[in-house]
Amino acid sequence: MWYALKCHPGKEEEILESCRQELDSRILCDAFLFTYDQMKRYEGSWHVEKKQMFPQYIFLEIKNKEGFLKCLESASYLKEAIIQDNLREISAEEEGFLKSLCRTKRHLSMSEGYIQNGQTHITKGPLMGWEKRIRKIDRHKRLARLEFPVKSVLTMVPAGLEIKSKS
């Protein structure tokens with residue numbers, strides 16, 4: 001069972017470590033972030049940077065929901081860092097979508113493709129086969145936005161995409 005926990009901006013890494021240290025291993029399977037690669041241009045060349053896919057959210061894989069909620073109440077540091085009432089269960093459909101897109105690494109690497117007659121074609125990378133989910137492409141930032149399968153807090157998924165040509 002996965003949960004998305006919304007926290008204060010810039011505190012994600014700290015809260016992630018606190019969850020791993022303070023929460024009992026009988027309750028918490030894993031705490032993680034989803035990341036993606038994005039190209040940035042500086043110092044005259046392009047560089048790949050790792051970005052957080054869902055800013056302000058950490059994800060928790062839980063074995064026991066009741067035990068988790070009790071444990072969360074007693075974890076003092078986490079109480080202050082978490083935005084009030086922002087623990088949300090991830091549906092099976094959402095979890096399946098994220099697992100199939102990011103695989104076990106929970107990271108989405110850069111993809112490459114081209115646009116022909118208004119149709120996007122991915123030739124390399126994890127977005128192959130996901131063309132129908134792409135809703136927006138920013139060629140200058142080398143970024144695509146994928147539509148999430150269900151109405152949720154996590155509405156769009158950013159993904160690194162370099163379009164090599166357009167005709």
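Thresholds, definitions, all that
- Residues numbered from 1 in each chain as written.
- Predicted model: local features only at pLDDT ≥ 70, side-chain atom pairs only at ≥ 80, totals over all residues.
- Heavy atoms only, no water.
- Patch = residues over 30% accessible without salt bridge, like charges linked within 9 Å, V, L, I, M, F, W, Y side chains within 5 Å.
- Areas by Shrake-Rupley, 256 points an atom, 1.4 Å probe, with all protein chains shown as cover.
- Salt bridge = Lys/Arg side-chain N within 4 Å of Asp/Glu carboxyl O.
- Lys, Arg positive; Asp, Glu negative; His and termini not counted.
- Charge placed at Lys NZ, Arg CZ, Asp CG, Glu CD.
- Helix = DSSP H or I, 4+ residues; strand = E, 2+ residues; numbered from the N terminus.
- Phe/Tyr/Trp six-rings, centres within 6.5 Å; stacked < 30°, edge-to-face > 60°.
- Lys NZ or Arg CZ within 6 Å of the ring centre and 35° of its normal.
- Core = buried A, V, L, I, M, F, W, Y, C linked by side-chain atoms within 4.5 Å.
- Buried < 20%, exposed > 50% of the residue type's maximum accessible area, 1.4 Å probe, protein only.
- Contact = heavy atoms within 4.5 Å.
- Pairing = 2+ DSSP bridges.
- Axes fitted to C-alpha atoms, helices over the stretch in contact; angles between N-to-C directions.

Some points on a positive patch on the surface
Residues K40, K136, K141 and R145 make up a contiguous surface patch of positive charge. Residue position: K40 is located in strand β3 (residues 35-42).

Comments concerning the packing of aromatic side chains
Scanning the model with the defined rule gives 10 aromatic pairs in all. Positioned above the aromatic ring of F32, the side-chain terminus of R106 is 3.5 Å from the ring centre. Here the guanidinium or amino end of R142 rests over the ring plane of W46, the centre of that ring lying 3.7 Å away.

Comments concerning the nonpolar core
A general tendency of soluble globular proteins is for nonpolar side chains to be buried together. Residues F34, F54, L101 and L146 are the most contacted members of the largest nonpolar core, which totals 28 residues. The set of elements that each furnish at least two residues to this core consists of β1 (2-7), β5 (57-62), α4 (92-102), β11 (143-147) and β12 (156-166). If we skip the residues at most four places from it in the chain, F34 touches W2, K51, Q52, M53, F54, F59, L98, C102 and R106. If you look at the next biggest cluster of nonpolar residues, it comprises 17 residues, including L33, I62, C71 and L72.

Looking at the sheet that holds β3
Across the sheet, which stays open at both edges, the three strands sit in the order β4-β3-β7 with mixed pairing between neighbours. Here the strands that pair on one side only, and so sit at the sheet edges, are β4 (45-52) and β7 (107-108).

Thoughts on the sheet that holds strand β9 (residues 119-124)
In spatial order, the strands read β9-β8-β12-β11-β10; together these five strands make up an open sheet with mixed pairing. The open sheet is flanked by β9 and β10 (134-138), the only strands paired with a single partner. The mean angle between the axes of side-by-side strands here comes to 40 degrees, regardless of whether they run parallel or antiparallel. As judged from the five bridges shared by strand β8 (residues 111-116) and β12, these two strands associate in the parallel manner. Across the sheet, E112 pairs through a bridge with E162, a residue of β12.

Quick word on the pattern of salt bridges
Enumeration according to the criterion identifies 10 salt bridges in this entry. Measuring nitrogen to oxygen at the nearest pair gives 2.7 Å for the salt bridge that ties D30 to R106. Remark: R106 occurs in the loop between α4 and β7 and D30 occurs in strand β2 (residues 28-32); sequence separation between them is 76 residues. Among the salt bridges present, the one from E162 reaches K164, with a minimum N-O distance of 3.8 Å. Within the structure, one salt-bridge network assembled from shared partners comprises E112, K124, R142, E162 and K164.

So, the side chain of T120
Tracing the backbone through its elements, the reader meets T120 in strand β9. For T120, a relative accessible area of 17% puts it in the buried group. Sequence-distant contacts of T120, defined by excluding residues within four places in its chain, comprise Y114, I115, E131, I134 and I137.

Side note on unusual backbone geometry
A positive phi angle, close to 55 degrees, is found at R106, a residue other than glycine. With relative accessibility at 16%, the residue R106 sits in the buried group.

Thoughts on the side chain of T35
Note on placement: T35 falls in strand β3. For T35, a relative accessible area of 15% puts it in the buried group. Once residues within four sequence positions are removed from consideration, T35 is found in contact with K50, K51, Q52, M53, R106, H107 and L108.

These figures come from the coordinates and say nothing about function on their own.
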